[in-house]
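# A closer look at the structure
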Amino acid sequence: MRPFEFIKPDSEASAIELLGKLSPNVRILAGGTDYLVDLKHTADVPKTVMDISRLPELKGIDEVDDGLRIGAGVTHTEIMQNPLIKKYAPAMIHAAHTIGAVQTRNLGTIGGNLVTCVPSMDSGPTLVALDAEVNIVGKDGTRRISLTDLFVGPRKTSLKSNELLTEIIIPKRSLGKPANFYKFGLRKGQALALVNAASSLWIKGGCFKDLRISIGAVAPVVIRCLKAEKYLEGKKIDEKLVKEAGNIAVTEAKPIDDFRASQSYRNDLIAVLVTRTINAAIDLADKD
Amino acid sequence: MADNREITIKVNGKDMTTYVETRLSLGDVLREHFHLTGTHLGCEHGVCGACTVVVDGEPIRSCLMLGVQAHGKEVTTVEGLSKGEDLHPIQEAFWKNHGLQCGYCTPGFLTTLFSFLENNSDPTEREIREAISGNICRCTGYQNIVNAALDAAKVMKGS
Ligand SMILES: Cc1cc2nc3c(=O)[nH]c(=O)nc-3n(C[C@H](O)[C@H](O)[C@H](O)COP(=O)(O)OP(=O)(O)OC[C@H]3O[C@@H](n4cnc5c(N)ncnc54)[C@H](O)[C@@H]3O)c2cc1C
Ligand code: FES
Ligand code: FES
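Numbers given to residues run from 1 along each chain, matching the order in which its sequence is written. For this description, chains carry letters from A and ligands carry numbers from 1, given in the order in which they are written. Since the coordinates come from a predicted model, pLDDT governs what is reported: local features require at least 70, and pairs of side-chain atoms require 80 or more to be given and counted, while whole-chain, interface and lining totals use all residues.

## What to know about the overall build of chain A
Strands are runs of DSSP state E lasting at least 2 residues, helices are runs of H or I lasting at least 4, and numbering of each runs from the N terminus. Within chain A, the regular secondary structure consists of 12 helices and 14 strands. If one aligns the C-alpha atoms of chain A with their principal axes, the spans along those axes are about 60 × 45 × 30 Å. Exposure is read from a count of other C-beta atoms within 10 Å of each residue's own; the residue is exposed at 12 or fewer, buried at 20 or more and partly exposed in between. C-beta atoms are placed from the backbone. When each of the 288 residues of chain A is scored for burial, the buried share is 48%. A residue pair is marked as a contact if its C-beta atoms, positioned from the backbone, fall within 7 Å. Expressed as a percentage of contacts within chain A between residues at least 6 apart in sequence, the contacts between residues at least 24 apart total 64%.

This is how it looks when you write it as structure tokens:
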């Protein structure tokens, strides 16, 4: 690894100030489970690395007026153990559990997972299916965007180099919404997703309401399957329709063909995973 | 430009201070500055688990944490498990069950299981396999490691 200057601000405000002053020659380091691996490979080392892993403002999971706030610096292990996540968004616990192994989950943060922005990120689909938003802070203040607007391309987000992702908000309307996440990798431990998927829904009068379907690892970024959602919205729960929604979702993805799996295998997986996550969410829902 | 820092880490109960380059991993600091060569570095990419140490009570990859990030933290390495010549029950169980062959992966398994068994006194085989899923062993085929962990759990529960 090439040398760099190391700084560790002790508050969010001083982190923002330093980012403003030093950008674009500064990079953020959180848990380091993505970025330190990158740094070992590249000659493109920034002048300064800023450690945000101990900023108190980026920690914690709290109920706030507009929903559930998850600090960007919360680790995957903390998500798995948190009672509010268990109460309001348990699918996130399952998603966090599939990330790496215990040593990686103890360091890796949810903010780092989203900002690295690889298409196979495992915290993406569930959060997208729950209509999550993110708060981004820069020297000109805070902006709130929907999580899907953070994702621009593989390893590319809409964050500017002087901005910090501070928190993820799951809106009130999604708290407790029946949801399910499924990851398919080549092994049980430490495997990248070939495909991952999450669905969330309410059932009203026996019909689908506010259905969300999100898939990862099969397009440049984690996507919502808008056509499949539209196909089912308002319709009566029916296994055959759910299966058809899985087929429609396939048309919305562009999976790659590589040494891990062929494109056609990934397409088959999309249909199966979308169907399974919807059916699992139906099982969790109150049916009035 | 090289940047150097003075850091103090509590390693195996003892405050240790050194002057390090900021780009050095915690694993390298432990081995090269503190001469605690029990911590092995394998892949140095966060995959193999050989470099696992316990930081503030949680197992982490010492190849994916900078030494400067560990400043002020408490670290337990494999050297911290035994009490002098008395092996820790996990080490004893690895020895009895042939839980190692070449030994390269062993420090990582021991530190991972040390942390796991401290928090789970009565684990199932499945839970043990899950706990060590971030540690790779190319020799043993894992079965004897799992047997050792089950044995160690019994001994630790009884003590
Ligand atoms: C062995 C191994 C297995 C893995 N398995 C999985 C897996 O199964 N699934 C999965 O999804 N991921 C996996 N990962 C990837 C990684 O662990 C996660 O993406 C993790 O959540 C990254 O978080 P971090 O805190 O370590 O990020 P860092 O490495 O510290 O940072 C990642 C990037 O995000 C930026 N960044 C971090 N926080 C912020 C912030 N608050 N604001 C702005 N920018 C920020 C950094 O500048 C950097 O570009 C694995 C990694 C390893 C090493
Ligand atoms: S050396 Fe750290 S995980 Fe392999
Ligand atoms: S004993 Fe040789 S790698 Fe595990």
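## A look at the interface of chain A and chain B
In this complex, chain A contributes 23 residues to the contact, which on the side of chain B involves 24 residues. Where the side of chain A that touches chain B is concerned, the elements lending two or more residues are β1 (5–7), α2 (35–41) and α6 (102–107) of chain A. Top contributing element to the side of chain A that touches chain B by residue count: α6(A), with five residues.

## Digging into helix α5 (residues 143–158) of chain B
All names here are of chain B. Spanning 16 residues, α5 covers 23 Å between terminal C-alpha atoms, matching the ideal 22 Å at 1.5 Å per step. Listed as buried for α5 are I145, V146, A148, A149, A152 and A153. For α5, the angular spread of buried residues about the axis comes to 155°, placing them on one side. Projecting away from the buried face of α5 at angles above 90 degrees are the exposed residues Q143 and G158. The span you would expect from a helix comes to 1.5 Å times its residue count less one. Each C-beta atom gives one direction from the helix axis, and the arc is the one those directions make.

## Brief notes about the pairing of strand β13 (residues 207–216) of chain A
All names here are of chain A. Of all 10 residues in β13, seven are buried, a share of seventy percent or more. We call two strands paired when DSSP finds no fewer than two bridges between them. With eight bridges joining them, strand β12 (residues 193–204) and β13 adopt antiparallel strand pairing. Paired with S199 across the strands is I213, a residue of β13. From the end of β12 to the start of β13, which pair antiparallel, there are two residues, and G205 there has a positive phi angle of about 55°. Remark: six residues form the turn of the hairpin made by β13 and strand β14 (residues 223–224), two consecutive strands paired antiparallel; A217 in that turn has positive phi of roughly 75°.

## Section: the nonpolar core
One finds A:V195, A:I215, A:A249, A:I270, A:V274, B:I90 and B:L113 to be the most contacted residues of the largest nonpolar core, which totals 134 residues. Looking at which element gives the most residues to this core, the answer is β12(A), with seven residues. If we skip the residues at most four places from it in the chain, A:I215 touches A:P125, A:V195, A:A197, A:I223, A:C225, A:A249, A:A253, A:I270 and A:V274. Nonpolar cores are built from buried Ala, Val, Leu, Ile, Met, Phe, Trp, Tyr and Cys residues. These are joined into a set through C-beta atoms within 7 Å.

## Digging into the site of ligand 1
Any residue whose C-beta atom, as set from the backbone, lies within 6 Å of a molecule or strand is reported as near that molecule or strand. Near ligand 1 there are 32 residues, and of these A:G31, A:G108, A:G112, A:N113 and B:G46 occur at the shortest range. As a working rule, the residues Ala, Val, Leu, Ile, Met, Phe, Trp, Tyr, Cys and Pro are called nonpolar, Asp, Glu, Lys and Arg charged, and the rest polar, with Gly in that last group. Partitioned by chemical class, the residues of the shell around ligand 1 number 15 nonpolar, 14 polar and three charged.

## Some details on the sheet that holds β1(A)
Residue and element names in this part refer to chain A. Spatial strand order, β1-β3-β2: three strands in an open sheet with parallel pairing. In the strand order of this sheet, the two ends are held by β1 and β2 (26–29), each with one partner. Recorded for the sheet is a direction-independent mean angle of 25° between the axes of neighbouring strands. Fitted lines through C-alpha atoms serve as axes, helices being fitted only where they are in contact, and the angles separating the N-to-C directions of these axes extend from 0 to 180 degrees.

## Some words on the sheet that holds strand β11 (residues 179–185) of chain A
All names here are of chain A. The antiparallel open sheet is built from four strands, whose spatial order is β11-β12-β13-β14. Two strands in the sheet have a free side with no partner beyond their single neighbour: β11 and β14. Packed on one face of the sheet, helix α12 (residues 263–284) meets β11, β12 and β13 and runs near 30° to β12.

## Points about the domain arrangement of chain A
All names here are of chain A. As used throughout, domain bounds are those supplied by an automatic or database domain assignment. Segmenting chain A into domains produces domain 1 (5–51), domain 2 (56–174) and domain 3 (179–284). Computed from C-alpha atoms alone, the centre-to-centre distance between domain 2 and domain 3 is 21 Å. Listed per partner, the contact involves 23 residues of domain 2 and 24 residues of domain 3. The set of elements that each furnish at least two residues to the side of domain 2 that touches domain 3 consists of α5 (91–97), α8 (124–129) and β8 (151–153). Top contributing element to the side of domain 2 that touches domain 3 by residue count: α8, with five residues. Residue composition of the side of domain 2 that touches domain 3, by class: 12 nonpolar, nine polar and two charged.

## Concerning the domain arrangement of chain B
Residues and elements named next belong to chain B. Considered domain by domain, chain B is made up of domain 1 (4–80) and domain 2 (89–158). Spacing between the C-alpha centres of domain 1 and domain 2 amounts to 21 Å. Taken residue by residue, the interface counts 16 residues in domain 1 and 12 residues in domain 2. Sorting the residues of the side of domain 1 that touches domain 2 by element identifies β3 (52–55) and β4 (58–61) as the ones contributing at least two each. Among the elements that make up the side of domain 1 that touches domain 2, the one with the highest residue count is β3 (three residues). The residue inventory of the side of domain 1 that touches domain 2, partitioned by class, reads seven nonpolar, eight polar and one charged.

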